[in-house]
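Fold and geometry: a report
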Amino acid sequence: MKIWYFHHYATPCEIAGLHRPFEFGSYFNKSGNQIAVFTSSYLHYAGENMIKGKEKVLLHEYDGVTSVFVRTCGYQNRINRIMNMIQFGQRLFGTAKWFAKNYWKPDIIVASSPHPLTVLSALEIAKKYKIPCICEVRDLWPEVFFLGGVVKEKGLIGKFLLHCERLMYEKADRLVFLKEGDHIYISEHKWDTANGGKVDMSKCAYINNGVDIQLFDKKMAEYTYHDEDLESSKFTIVYCGTIRPVNNIGMLLDVAKKLGDDVLVLIYGMGNCVGELKQRVIDEHINNVRFKGYVDNKYIPYILSKSSLNILNYSGSTYNWSRGNSSNKLFEYLASRKPVVSTVKMGYDIIERYHCGYSVDECSVENIVKLINRVKNLPLDEYAEMCRCARTAAEKYDIPILAQRYERILKDTIKQFKGE
């Protein structure tokens, strides 16, 4: 198969960000397929624009996967970010035409959300080439906007966004959700055929994010990260990821204050909340928290492996967790063979399913402290068993296994489109 993968925020694995298209694409290539990932030149998580000059497109190859960087503006505010989305959606048409003329045409397009512009553009491009288009649902926008109070669901903008979302689900040849329970969203809105809508639920599939176990272990062995705090004899809690409102790191500082000085909390990552949180540490004399800043992705496996416990820290109010979790950091946490504590209760709970940690029933500082202390005070044999269970869970979500499932979906979609 020749596959075009449209993903606005796709990031090569060497850089912090969303690696799914490159991780899956590498394995698609190894089984004889050809893949090109079309992504924005401005990398959302790294805050860097890959196109420095006036070029419209930049091509690069990562582990056999062709990356097509589409020129877009950078952003530091909401207006510029919306402009970035519009640019990417519009410029996909010209970029696709140029790539098809100078390189190769696809047999199928995979178009990833969150926002609908990428998918709606992909559907039109697929129609032109008379090929199927898979809508990959990474995040359920505009639901996130509604929950965060950014847009009113019953307002004019909210209704328009819902209309666009419904259209892309109806027109896609296949829907691939990243969270186990996301398909329920369609029936909740009565967009499925059983409720009088047009979405055939039989075209829904589920392929979670995961972790490349072999690559994770290779990085852990080869890229050690020298940090004296990682060698501390204290019980060490590690958080790795972005530091934005949805990650609710402020609550983690409150937790640290309750845990005492025999526990060390290490926070790796950057985001727009770092400055105020660092000031809190100073003002409130929180002596057991260290902000470590951005670290190269290759060091993450080693850092996680040196923890006593890895924490999955989120806000329970700005996101609907009832349909499951597909965050990359969860699977990296599990691969590191360390217990995980989640500060929110999620549906289809992987942590509880595989007995590799705890999730709070009700999010509060006291409840999180209680669960951390429960892990901290486990007998050595029970702690070792929890570590073993974490690794077992990670192996269920190994990228090669997930990629094989995805490849079958791609092939089946092409056959169904052709009427075979």
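Preceding block: the structure.
Only a predicted model underlies this, so the values are computations on that prediction, with no experimental measurement involved. (Residues numbered from 1 in each chain as written. Predicted model: local features only at pLDDT ≥ 70, side-chain atom pairs only at ≥ 80, totals over all residues. Heavy atoms only, no water.)

Structural notes on the overall build of the chain
This is how the line gets drawn: Numbering goes from the N terminus for both helices and strands, where a helix is a DSSP run of H or I of at least four residues and a strand is a run of E of at least two. Here the globule rule is a power law, 2.2 Å times the number of residues to the power 0.38, and the radius of gyration is based on C-alpha atoms. We call a residue buried when its accessible area falls under 20% of the maximum for its residue type, exposed when it is over 50%, and partly exposed in between, using a 1.4 Å probe and counting protein chains only. By definition in these notes, contact holds between two residues if any of their heavy atoms fall within 4.5 Å. Areas reported here follow the Shrake-Rupley algorithm with a probe of radius 1.4 Å; residue values treat only the protein chains shown as occluding. Asp and Glu are treated as the negative residues and Lys and Arg as the positive ones, with His and the ends of the chain left uncounted. A charge is said to be at NZ when it belongs to Lys, at CZ for Arg, at CG for Asp and at CD for Glu.
Each helix and strand in the chain was counted, giving 15 helices and 16 strands. Taken over C-alpha atoms, the radius of gyration comes to 22 Å for the chain, in line with the 22 Å a tight globule of 420 residues would show. In terms of its C-alpha atoms, the chain occupies a principal-axis envelope of roughly 65 × 45 × 40 Å. Counting every position in the chain, which comprises 420 residues, the buried fraction comes to 56%. When contacts within the chain are restricted to residue pairs at least 6 apart in sequence, those whose partners lie at least 24 apart make up 74%. Summing over all exposed atoms, the chain offers an accessible surface of approximately 18700 Å²; the carbon and sulfur share of this is 51%. Looking at the chain, you have 56 positive and 48 negative side-chain charges, and the mean spots of the two groups are 7 Å apart.

Describing the layout of surface pockets
The test is simple: Note on definitions: the grid is 1 Å and covers protein atoms alone; a cavity is a set of points where a 1.4 Å probe fits but cannot get out; a pocket is an open set with protein on both sides within 12 Å along at least five of seven lines; lining residues have an atom within 4 Å of a point. Grid points are joined across faces, edges and corners, and a volume is the space filled by probe spheres set on the points.
In this model, the second largest pocket occupies a volume close to 450 Å³. Taken together, the elements giving at least two residues each to the lining of the second largest pocket come down to helix 1 (20-30) and helix 7 (213-222).

Let's talk about empty space enclosed by the protein
Put simply, the rule reads: Under the grouping applied here, Gly and all other residues not named as nonpolar or charged are polar, the nonpolar ones being Ala, Val, Leu, Ile, Met, Phe, Trp, Tyr, Cys and Pro and the charged ones Asp, Glu, Lys and Arg.
Following the criterion strictly, the structure yields 1 cavity of 30 Å³ or more and no others. Estimated volume of the largest cavity: approximately 60 Å³. Lining the largest cavity are 13 residues, and of these Asn325, Leu330, Met346, Asp349 and Ile350 lie nearest its centre. Considered class by class, the residues forming the lining of the largest cavity number 7 nonpolar, 5 polar and 1 charged.

Looking at the packing of helix 8 (residues 249-259) against helix 13 (residues 365-376)
Selection rule: In this analysis, axes come from line fits to C-alpha atoms, helices being fitted only over the stretch in contact, and the angle between any two N-to-C directions falls in the range 0 to 180 degrees. When describing relative orientation, an angle under 35 degrees is termed roughly parallel and one over 145 degrees roughly antiparallel, while 65 to 115 degrees is termed roughly perpendicular and anything else oblique. By definition, turning the near helix anticlockwise from the far helix through less than a right angle yields a left-handed crossing, and turning it clockwise yields a right-handed one.
As a packed pair, helix 8 and helix 13 sit with axes 9 Å apart at the nearest point and diverge in direction by 60 degrees. Relative to helix 13, helix 8 is oriented oblique. Remark: the crossing between helix 8 and helix 13 carries right-handed chirality. Contact with helix 8, carried on its side by Met251, Asp254, Val255, Lys258 and Leu259, involves Val365, Glu366, Ile368, Val369, Ile372 and Asn373 of helix 13 and no other residues of that element. Looking at the contact of helix 8 with helix 13, its residues break down into 7 nonpolar, 1 polar and 3 charged.

Some thoughts on the nonpolar core
The condition that has to hold: Each nonpolar core is a collection of buried residues, namely Ala, Val, Leu, Ile, Met, Phe, Trp, Tyr and Cys, held together in the definition by side-chain atoms within 4.5 Å.
One finds Ile267, Leu334 and Tyr406 to be the most contacted residues of the largest nonpolar core, which totals 100 residues. Once you skip the residues sitting within four places of it in the chain, Tyr406 turns out to touch Tyr5, Arg20, Phe24, Phe28, Val110, Ile134, Glu136, Val176 and Ile207. One finds Trp4, Ala96, Val119 and Val199 within the second-largest nonpolar core, a separate group that totals 38 residues.

Section: the environment of Cys164
Structurally, Cys164 is set in helix 5 (residues 156-171). For the pair Cys164 and Pro142, spaced 22 residues apart in sequence, the C-alpha to C-alpha distance is 9.7 Å. If we skip the residues at most four places from it in the chain, Cys164 touches Pro116 and Leu120.

Topic: the packing of aromatic side chains
Inclusion rule: Two rings belonging to Phe, Tyr or Trp (six-membered ring only in the last case) form a pair when the distance between their centres is within 6.5 Å. Interplanar angles under 30 degrees mark stacking, angles over 60 mark edge-to-face geometry, and anything in between is tilted. Look at NZ for Lys and CZ for Arg. If either is within 6 Å of the ring centre and within 35 degrees of the ring normal, a charge sits over the ring.
Inspection of every chain in the model, using the stated rule, returns 22 aromatic pairs. Ring plane angle 55 degrees and centroid distance 6.4 Å describe the contact between Phe24 and Phe28, whose orientation is recorded as tilted. Here Phe28 and Phe24 lie together in helix 1, a separation of 4 residues that amounts to about one turn. Note on accessibility: Phe24 and Phe28 belong to one class, buried. Consider the rings of Tyr185 and Trp191, whose centres lie 5.9 Å apart with planes at 80 degrees: the pair is edge-to-face. On the basis of relative accessible area, Tyr185 is assigned to the buried category, the value being 1%. Grouped by ring-pair contacts, the aromatic residues Trp4, Phe6, Phe38, Trp98, Phe99, Tyr103, Trp104 and Tyr129 constitute a single cluster. Between Lys30 and the ring centre of Tyr27, over which it is positioned, the NZ or CZ distance is 4.4 Å. Its guanidinium or amino end placed over the ring of Tyr358, Arg374 lies 4.9 Å from that ring's centre, counting from NZ or CZ.

Observations regarding helix 14 (residues 380-396)
As a reminder of what qualifies: By this rule the span expected of a helix is its residue count minus one, scaled by 1.5 Å.
For helix 14, which comprises 17 residues, the first-to-last C-alpha distance of 25 Å matches the rise-based estimate of 24 Å (1.5 Å per residue) to within 8%. Elements in contact with the buried residues of helix 14: helix 7, helix 11 (328-335), strand 16 (357-359) and helix 13.

Points about the packing of helix 3 (residues 116-129) against helix 5
Following both chains from N to C, one finds helix 3 and helix 5 inclined at 40 degrees, their axes separated by 10 Å at the closest point. As summarised for this structure, helix 3 and helix 5 are arranged oblique, according to the angle between their axes. For helix 3 against helix 5, the interelement crossing comes out left-handed. Facing Pro116, Val119, Leu120 and Leu123 of helix 3, the residues of helix 5 in contact are Cys164, Met168 and Lys171. Considering only residue class, the contact of helix 3 with helix 5 consists of 6 nonpolar, no polar and 1 charged.

Re the sheet that holds strand 16
For clarity, the threshold we go by: Note on pairing: two strands pair once DSSP finds at least 2 bridges between them.
Pairing within the open sheet is parallel, and its 6 strands lie in the order 13-12-11-14-15-16. Both outer strands of the open sheet, strand 13 (289-293) and strand 16, are each paired with one neighbouring strand and no more. Shown here is a sheet whose adjacent strand axes are inclined to one another by a mean of 20 degrees, direction ignored. As judged from the 6 bridges shared by strand 11 (residues 235-240) and strand 12 (residues 263-268), these two strands associate in the parallel manner. Across the sheet, residue Val238 finds its bridge partner in strand 12, namely Leu266. Those strands touched by helix 8 are strand 11, strand 12, strand 13 and strand 14 (309-312), and its axis lies near 165 degrees from that of strand 12.

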